[in-house]
Amino acid sequence: MLIACWSPKGGSGTTVVAATLGLLLAEELRGGAVVADLEGDVPIVLGMADPPSDRGLRQWLAASADVGVDALRRLLVPADAPGLSVLPAGAAGAAGGAGDGRADDLVTALSGLGPPVVCDCGTLRDDAEVSVAAGATLSLCVVRPCYVALRRALRAPVRPSGVVLVTEPGRSLGRRDVENVLGAPVRAEIELDPLVARAVDAGLLATRLPRGLHRALRDAA
């Protein structure tokens, strides 16, 4: 199973959602789970040390076509949570133009890793992020009930199969409006919670997952 998390607009919490889904899947499944990081912030959110910048998904994308799924397995870094591993992004820009040609290969390789994979695809800035978001078993758009964000989501190159709605007080738009605009069901609603920011700031998301976040996302996948 491959789950993609992406957003039409930065600052929506896509990385936190992807990391949390990985934690929940690792907790639930004996075979563990993987969080693939195309944006570069997953280790920070999970309170991990910075992985080596010369070993990651961007380097895999820049490699020749005969470098397959086994090479991805060698890149896995254990997180500070039972059963969870991270596929780090590697150095930004390492893939260059070569990465564009292997974007579809990445979808196949991530799907073939074995454990469920949650991929942080960010704001779909390159071919790899778009291909994973489009080819995933479940493509989750992480969005706030914001007119600007929804307009951008409609212009995105990917149509979501589900929505993670980050709610906040004072918004005019609600769950039904978001579903009608995007044509996809809201699979989870997350209320803005300072406890989540504190857990991330302290590097404790992997070991002290806030209950509200756990409840909101436990059925999203």
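Keep in mind that this is a model prediction, so the values were computed, not measured. Residue numbers here run from 1 along each chain, matching the order of that chain's written sequence. The predicted origin of the model limits local features to residues at a pLDDT of at least 70 and limits the giving and counting of side-chain atom pairs to 80 or more, whereas totals for whole chains, interfaces and linings rest on all residues. Values shown for side chains rest on all heavy atoms present in the structure; no hydrogens or waters enter the calculation.

## Some thoughts on the environment of Arg-152
Now for step 1: Only DSSP runs of H or I covering at least 4 residues are called helices, and only runs of E covering at least 2 are called strands; the numbering of each starts at the N terminus. For Arg-152, the position within the fold is in helix 8 (residues 147-155).
Now for step 2: The buried label goes to any residue with under 20% of its type's maximum accessible area, the exposed label to any with over 50%, and the partly exposed label to all in between, with areas taken from a 1.4 Å probe on protein chains only. Its relative accessible area of 36% is what places Arg-152 among the partly exposed residues.
Now for step 3: A sequence separation of 43 residues divides Arg-152 from Ala-109, and the C-alpha atoms of the two residues are 29 Å apart.
Now for step 4: Sequence-distant contacts of Arg-152, that is, excluding residues within four places in its chain, are made with Pro-8 and Lys-9. In this analysis, two residues are considered to be in contact whenever any of their non-hydrogen atoms come within 4.5 Å of each other.

## Structural notes on the packing of helix 6 (residues 103-111) against helix 7 (residues 127-135)
Now for step 1: Where helix 6 contacts helix 7, the axes come no closer than 8 Å and their chain directions differ by 45°. When the axes of helix 6 and helix 7 are compared, the pair comes out oblique. Relative to helix 7, the crossing made by helix 6 is right-handed. Residue-level contacts link Ala-103, Asp-104, Leu-106, Val-107 and Leu-110 of helix 6 to Asp-127, Ala-128, Ser-131, Val-132 and Gly-135 of helix 7. For helices, the axis comes from a line fit to the C-alpha atoms of the stretch in contact; other axes are also lines fit to C-alpha atoms, and the angle between any two N-to-C directions lies between 0 and 180 degrees. Oblique is the label for every angle not falling under 35 degrees (roughly parallel), over 145 degrees (roughly antiparallel), or within 65 to 115 degrees (roughly perpendicular). Helix crossings get a hand from a simple test, with the near helix turned counterclockwise from the far one by less than a right angle marking a left-handed crossing and a clockwise turn marking a right-handed one.

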